Amino acid sequence: MRIGYARVSSDDQNLNLQIDALKKAQCKRIYEDRVSGAHANRKGLDSLVDSLRDGDTVVVWRLDRLGRSLKDLLDLVAIIESKGAGFTSIEEKLDTTSSGGKLVFHVFGAFAEFERNLIRERTFAGLEAARKRGLRGGRPKALNNKQQKQLVTMYKSKEHSIAEICKMFTISKPTLYKYLEDAGVK
């Protein structure tokens, strides 16, 4: 039996493209996950692996939907094959049920990992260049410098509770504590 696996990284992403491709590839069952491929525990994938029988074929739309690194892909395909099942990727036209397919699978997996590493390196290089120009990444501060000083003064005066201060400045308790820490208040 052909069994499909579809994965997106978050709840706000859509699985329709993958599911349509898996149905077109004649998958009888399709397992889904809405979690980053970096997570080891994926309920859909775990259920798929548990359901595998000798002669089944696991089908994915693209290799990166199954694993994020060559090691992950190799490990997962080894588990699939240990159950007597094969593996197919639609976009890369891979089929590990043959020796040639296994070779191509390893080559494509290496290229996919190489591409992710290049993206990571470019991202870090861009962040470093921005830091050298004096730019800081991350979320902007909720309060300006004047408000931060008012917050510290109110906290030190002990006239207001933590909850009251948070409500006045519309910030969370962790944010309040971060501002106090930045100001050197213990």
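See the structure above.
Below is a summary of the structure that appears in this document. (Residues numbered from 1 in each chain as written. Predicted model: local features only at pLDDT ≥ 70, side-chain atom pairs only at ≥ 80, totals over all residues. Heavy atoms only, no water.)

For the rest of this paragraph, the subject is a nonpolar patch on the surface. Residues Leu 103, Val 107, Phe 111, Phe 114 and Leu 118 make up a contiguous nonpolar surface patch of roughly 500 Å² in combined accessible area. Tracing the chain through its elements places Leu 103 in helix 4 (residues 99–132). (Patch = residues over 30% accessible without salt bridge, like charges linked within 9 Å, V, L, I, M, F, W, Y side chains within 5 Å. Areas by Shrake-Rupley, 256 points an atom, 1.4 Å probe, with all protein chains shown as cover. Salt bridge = Lys/Arg side-chain N within 4 Å of Asp/Glu carboxyl O. Helix = DSSP H or I, 4+ residues; strand = E, 2+ residues; numbered from the N terminus.)

Before going further, it helps to examine the packing of helix 5 (residues 145–157) against helix 6 (residues 162–169). Helix 6 packs onto helix 5 with a crossing angle of 160° between their chain directions and a minimal axis gap of 10 Å. On the basis of the axis angle, helix 5 is roughly antiparallel to helix 6. Crossing handedness for the pair helix 5 and helix 6: right-handed. Only Ile 162, Ile 165, Met 168 and Phe 169 of helix 6 make contact with helix 5, whose side of the interface consists of Gln 147, Gln 150, Leu 151, Met 154 and Tyr 155. Taken together, the residues that form the contact of helix 5 with helix 6 break down as seven nonpolar, two polar and no charged. (Axes fitted to C-alpha atoms, helices over the stretch in contact; angles between N-to-C directions. Parallel < 35°, antiparallel > 145°, perpendicular 65-115°, else oblique. Left-handed = near helix turned anticlockwise from the far one by under 90°. Contact = heavy atoms within 4.5 Å. Nonpolar A, V, L, I, M, F, W, Y, C, P; charged D, E, K, R; others polar.)

Now for the packing of helix 5 against helix 7 (residues 173–182). For the pair helix 5 and helix 7, interaxial distance at closest approach is 10 Å and the crossing angle is 95°. In terms of orientation, helix 5 and helix 7 fall into the roughly perpendicular class. Contacts between helix 5 and helix 7 involve Gln 148, Leu 151, Val 152 and Tyr 155 from the first element and Leu 176, Tyr 179 and Leu 180 from the second. In terms of residue class, the contact of helix 5 with helix 7 is built from six nonpolar, one polar and no charged.

Moving on to the pattern of salt bridges. Counting across every chain of the model gives five salt bridges. Taking the shortest distance from any N to any O, the salt bridge between Arg 62 and Asp 64 comes out at 2.8 Å. Note that Asp 64 and Arg 65 form a salt bridge whose closest N and O atoms lie 3.3 Å from each other. One salt-bridge network, held together by shared partners, links Arg 62, Asp 64 and Arg 65.

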